[in-house]
Amino acid sequence: MIALLARDIRLALRAGGGFGLGLAFFLIVVTLVPFGVGPESDILTRIAPGILWIGALLACLLSLDRIFQLDFEDGSLDLLATAPIPMEGIVAVKALAHWITTGLPLVIAAPLLGVLMNLAQPGHGWIFVTLLIGTPALSMIGAFGAALTVGLKRGGLLLSLLVLPLYMPTLIFGAEAATRAIDGFDNTTPLMMLAGITLASVALLPFAAAAALRINLR
Amino acid sequence: MSAPNRTRQARDNINWLWEWANPVKFMWFSGLVLPWLAGLTALVMATSLIWGFFFTPEAVNFGTSVKILYVHVPSATVAISAWFMMVVASVIWLIRRHHVSALAAKAAAPVGTVMTLIALATGALWGQPMWGTWWAWDPRLTSFLILFLFYLGYMALWAAIEDPDTAADLTSVLAIVGSVFAVLSRYAVNFWNQGLHQGASLSLDKEENVADTYWIPLVIGIAGFMLFFITLVFIRTRTEIRLRRVHALELRERMADA
């Protein structure tokens, strides 16, 4: 499994465009927002946590179809399916690899991009913390969506349609936790809910995703 | 009675139910009851709508606009029930592999979608004079919008996959996982914003209920919309079964030609 993790990370880093693309997309989304809503700094401050969360979510979405698609096309997914590790483990490792190559860079970049959005002072830390807690759920839910659509020729658009509604609770609690902390309120509840969603997704969704993959490989 | 004997008896007791999952038997039964069901639906819906529209007093604070209630509440109830029915049918398909079950889930989705849309549209029409806005990010409204998105995703997945059994399997998995997230979204949205929407119109808690004069036609209305839903699902499931048969015949013909 560690070998699989190393292989996936290496592939993501070397096979062109996968790794930096999400980050660049995140940067562009955050750059576009002030053009849309105007450069007034107090408006930007108010919407900053939400925009950063939405930007990270969309950037995460961008690379989801890569989780299984390439392996499905060249047949290595069939080999993995017959390997002596359970399908659930493969799904979990691939989601982890996606998080390390896409989610983690976004988490690290978000506080820096917060400067562009005129994020209020304690916000940088909180954006980092909430994204760190929330993005594993985004990767895992995305892996489930990718497993559902892996057999389709043009599954990309469908994948977004399926995954975005599933992202809603994570986004609500993540952005709420960050906003409350910045406004100086107690944010224990949304933070706990966010952590709960992440833990439950990581614990349960590999089974659903593995079932979907088995159906697709049948 | 010994224990294995008892389990066998329990199995036999439930087997009569599964026999209805035989497509031939389902076609026979649904063809038989469909005219009666459709007639009953028309009768109950007409009763509730005519009673509701013409023979209930206008509410003090609401005026005539209160009468949209008789479309709004039943369609919203059916919209949620349809999803439940799809999840149950999906689980039955995954466990027992009855094709009628999978096709019924597929048949229910567009009906549920339209009901969600009707609930949203009548709600907007009602909200305009009452709240002064077509739309507010109220928890109930938002949850329904999310439900609508779930329906769209479900139908899109059915449409995208060519092999019917694979499509049935994958949409079933999506329906089950989706329901968990739909419930989660409901709580998240409740947490996220306070609402304009009034509380439950109907509940077992008497305190919350609307007055009796509105209550009786409303309950009849919900029954009517439920019957309407069942009728439509029957018709659509029959169409799906026929579609499968035509498909199978075409395949056979092509095989004979080759």
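Conventions used here
Residues numbered from 1 in each chain as written. Chains lettered and ligands numbered in written order. Predicted model: local features only at pLDDT ≥ 70, side-chain atom pairs only at ≥ 80, totals over all residues. Helix = DSSP H or I, 4+ residues; strand = E, 2+ residues; numbered from the N terminus. Contact = placed C-beta atoms within 7 Å. Rg over C-alpha atoms; globule rule 2.2 N^0.38 Å. Nonpolar A, V, L, I, M, F, W, Y, C, P; charged D, E, K, R; others polar. Axes fitted to C-alpha atoms, helices over the stretch in contact; angles between N-to-C directions. Parallel < 35°, antiparallel > 145°, perpendicular 65-115°, else oblique. Left-handed = near helix turned anticlockwise from the far one by under 90°. pLDDT = per-residue confidence, 0-100. Buried ≥ 20, exposed ≤ 12 C-beta atoms within 10 Å, placed from the backbone. Core = buried A, V, L, I, M, F, W, Y, C linked by C-beta atoms within 7 Å.

### Let's talk about the overall build of chain B
A tally of helices and strands in chain B yields 7 helices and 0 strands. Counting from the amino terminus, chain B carries its helices and strands in the arrangement α-α-α-α-α-α-α. Once local pairs closer than 6 in sequence are excluded, the contacts in chain B between residues at least 24 apart make up 77%.

### Describing the overall build of chain A
Along chain A, the regular secondary structure elements total 9 helices and 0 strands. N-terminal to C-terminal, the α/β element order of chain A is α-α-α-α-α-α-α-α-α. Relative to the 2.2 N^0.38 estimate, which gives 17 Å for 218 residues, the radius of gyration of chain A is 18 Å and therefore close to what a compact globule would have.

### What to know about the interface of chain B and chain A
Accessible area lost upon the coming together of the parts is a frequently used measure of interface size. Listed as interface residues are 21 residues of chain B and, on the opposing side, 17 residues of chain A. At the level of elements, α5 (139-160) and α6 (164-192) of chain B are the ones that each hand at least two residues to the side of chain B that touches chain A. Across the side of chain B that touches chain A, the residue classes break down as 17 nonpolar, 3 polar and 1 charged.

### Focus: the packing of helix α8 (residues 156-182) of chain A against α6(B)
Between α8(A) and α6(B), the least distance of the axes is 9 Å, while the angle of their chain directions is 30°. What the angle tells us is that α8(A) and α6(B) run roughly parallel. Every pair of crossing elements has a handedness; the one defined by α8(A) and α6(B) is left-handed. Facing α8(A), whose interface residues are A:L162, A:L166, A:M168, A:P169, A:I172, A:F173 and A:E176, α6(B) presents B:L174, B:F181, B:L184, B:S185, B:A188, B:V189 and B:W192. In terms of residue class, the contact of α8(A) with α6(B) is built from 12 nonpolar, 1 polar and 1 charged.

### Regarding the confidence of the model for chain B
Residues and elements named next belong to chain B. Of all residues in chain B, 84% have pLDDT values of 70 or greater, and the mean over the chain is 84. Taken as a whole, residues 204-208 scores under 50 in pLDDT and shows 3 contacts with residues more than four places along the chain or in a different chain. Overall fold confidence (pTM) sits at 0.87, and the ipTM for the predicted complex is 0.87.

### Digging into unusual backbone geometry
Here the phi dihedral of A:N118 falls at roughly 55°; this positive angle occurs in a residue that is not glycine. Here A:N118 lies in the loop between α6 (87-116) and α7 (123-149). Residue classification places A:N118 among the partly exposed positions, given that 18 C-beta atoms sit within 10 Å. Even without being a glycine, B:R97 presents a positive backbone phi close to 55°.

### Let's talk about the confidence of the model for chain A
Looking at chain A as a whole, its pLDDT mean stands at 88, while 98% of the residues score no less than 70. When pLDDT is averaged over each helix and strand of chain A, the minimum, 78, is found for helix α1 (residues 2-14) of chain A and the maximum, 93, for α7(A).

### So, the nonpolar core
The tendency in soluble globular proteins is for nonpolar side chains to be buried side by side. Core analysis: the biggest nonpolar cluster contains 130 residues, and A:L52, A:A56, A:V91, A:F144, A:A147, A:A209 and A:A212 have the highest contact counts within it. At 15 residues, the largest contribution of residues to this core is made by α8(A). Sequence-distant contacts of A:F144, that is, excluding residues within four places in its chain, are made with A:L205, A:A208, A:A209, A:A212 and B:V177.

### A word on the packing of α6(A) against helix α9 (residues 188-217) of chain A
Residues and elements named next belong to chain A. Contact geometry of α6 with α9 gives a least axis separation of 8 Å together with a crossing angle of 110°. In terms of orientation, α6 lies roughly perpendicular with respect to α9. Crossing handedness for the pair α6 and α9: right-handed. Listed contacts from α9 to M87, E88, V91 and A92 of α6 are P206, F207, A209, A210, L213 and R214. Grouping the amino acids of the contact of α6 with α9 by side-chain chemistry returns 8 nonpolar, no polar and 2 charged.

### Considering the environment of B:R236
Residues and elements named next belong to chain B. Along the chain, R236 turns up in helix α7 (residues 212-257). The class for R236 is partly exposed, based on 18 C-beta atoms found within 10 Å. Separated by 132 residues in sequence, R236 and A104 place their C-alpha atoms 7.7 Å apart.

### Quick look at the environment of B:I161
If you trace the backbone, B:I161 turns up in the loop between α5 and α6. Separated by 10 residues in sequence, B:I161 and B:T171 place their C-alpha atoms 9.7 Å apart.

### Digging into the environment of B:V219
Relative to the assigned elements, B:V219 resides in helix α7. In this structure the C-alpha to C-alpha distance between B:V219 and B:Y70, which are 149 residues apart in sequence, comes to 9.1 Å.

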